[in-house]
Amino acid sequence: MTNSQLTRQHRHYLAVRERLVLSAGNSGRWSAIAELEAQLAELATENAAKARRIATLEADLADAQARLLAQAQVLLSGRRADDDDEADGDRSSIEEIVAAVLADFPGVTWADIVSVRRDRRLVKPRHACMRAVYEKRRDLSLPRIGRIFHRDHTTVLAAVNRPVP
């Protein structure tokens, strides 16, 4: 179907809709419906932006919680943070680890990794990212890594235990 046919069909649909609304004697209803549809579109856009922001904040929160836990363990063990290289200084952030892994998988983004899609092209990079975070950030538990990747901890466990190709 061409653009002109689609445009004609859309105009026809709007005209029929307007006639139905006007024939019922509800001329004010048409404007109310249009206003509600505009508000709905605006709310959907805002919701999508807030969902992206929440995902970023969840990842940052999990990273901060893991760092606090590691610092608390260092304090409870009686060691000084200066004595332990792994305590805080050499620890990479989750974003750095994932970015390093995704460099080997062109065209795959963080959004693809945490998405609900199960495309074949995303499985290897997703599992590689989970394995890398698990290996480089021993302070993170499987459930915490699962929350970062929007997955269950058993999925992370399966990715970690899977042999590296």
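Coordinates for the structure precede this section.
Residues numbered from 1 in each chain as written. Predicted model: local features only at pLDDT ≥ 70, side-chain atom pairs only at ≥ 80, totals over all residues. Heavy atoms only, no water.

### A look at helix α5 (residues 120-136)
An ideal rise of 1.5 Å per residue puts 24 Å on 17 residues; α5 measures up with 25 Å between its terminal C-alpha atoms. Burial in α5 covers these residues: Leu 122, Pro 125, Arg 126, His 127, Ala 128, Cys 129, Met 130, Arg 131, Ala 132 and Val 133. Residues of α5 that are buried in the fold lie against α3 (94-102), α4 (110-114), α6 (142-148) and α7 (153-161). (Helix = DSSP H or I, 4+ residues; strand = E, 2+ residues; numbered from the N terminus. Expected span 1.5 Å × (residues − 1). Buried < 20%, exposed > 50% of the residue type's maximum accessible area, 1.4 Å probe, protein only. Contact = heavy atoms within 4.5 Å.)

### What to know about unusual backbone geometry
Located in the positive-phi region is His 150, a residue other than glycine, with phi close to 60 degrees. Looking at where His 150 falls in the secondary structure, it is placed in the loop between α6 and α7. On the basis of relative accessible area, His 150 is assigned to the partly exposed category, the value being 36%.

### Description of the packing of aromatic side chains
Two descriptors summarise a pair of aromatic rings, namely the distance from one centre to the other and the angle between the planes of the rings. Going through the model one piece at a time under the given rule, you end up with 1 aromatic pair. Arranged with centres 5.6 Å apart and planes meeting at 55 degrees, the rings of Trp 110 and Phe 149 form a pair that is tilted. Of this pair, Trp 110 sits in helix α4 while Phe 149 sits in the loop between α6 and α7, placing them 39 residues apart in sequence. Since its relative accessible area comes to 32%, Trp 110 is described here as partly exposed. (Phe/Tyr/Trp six-rings, centres within 6.5 Å; stacked < 30°, edge-to-face > 60°.)

### Here we look at the packing of α3 against α5
At a minimum axis separation of 9 Å, α3 and α5 run at an interaxial angle of 135 degrees. When the axes of α3 and α5 are compared, the pair comes out oblique. Considering the relative orientation of α3 and α5, their crossing is right-handed. Taking contact as the criterion, the partners of Ile 94, Ile 97, Val 98, Val 101 and Leu 102 in α3 are, on α5, Pro 125, Ala 128, Cys 129, Ala 132, Val 133 and Lys 136. Among the residues making up the contact of α3 with α5, the classes are represented as 10 nonpolar, no polar and 1 charged. (Axes fitted to C-alpha atoms, helices over the stretch in contact; angles between N-to-C directions. Parallel < 35°, antiparallel > 145°, perpendicular 65-115°, else oblique. Left-handed = near helix turned anticlockwise from the far one by under 90°. Nonpolar A, V, L, I, M, F, W, Y, C, P; charged D, E, K, R; others polar.)

### Concerning the packing of α5 against α7
With their axes 8 Å apart at the nearest point, α5 and α7 run at an angle of 90 degrees to one another. Considering their axes alone, α5 and α7 lie roughly perpendicular with respect to each other. Packed against α5, whose contacting residues are His 127, Met 130, Arg 131 and Tyr 134, the element α7 presents Thr 155, Val 156, Ala 159 and Val 160 at the interface. Residue composition of the contact of α5 with α7, grouped by class: 5 nonpolar, 2 polar and 1 charged.

### A word on the environment of Arg 131
Among the structural elements, Arg 131 can be located in helix α5. Residue Arg 131 is classed as buried on the basis of its relative accessible area of 11%. Sequence spacing of Arg 131 and Val 160 is 29 residues, and the spatial spacing of their C-alpha atoms is 5.0 Å. Ignoring anything within four residues of it in the chain, the contact list for Arg 131 reads Ala 159, Val 160, Arg 162, Pro 163 and Val 164. A polar atom in the side chain of Arg 131 sits 3.1 Å from the backbone oxygen of Ala 159. (Polar contact = N/O pair within 3.5 Å; in protein donor to acceptor, adjacent residues only side chain to side chain.)

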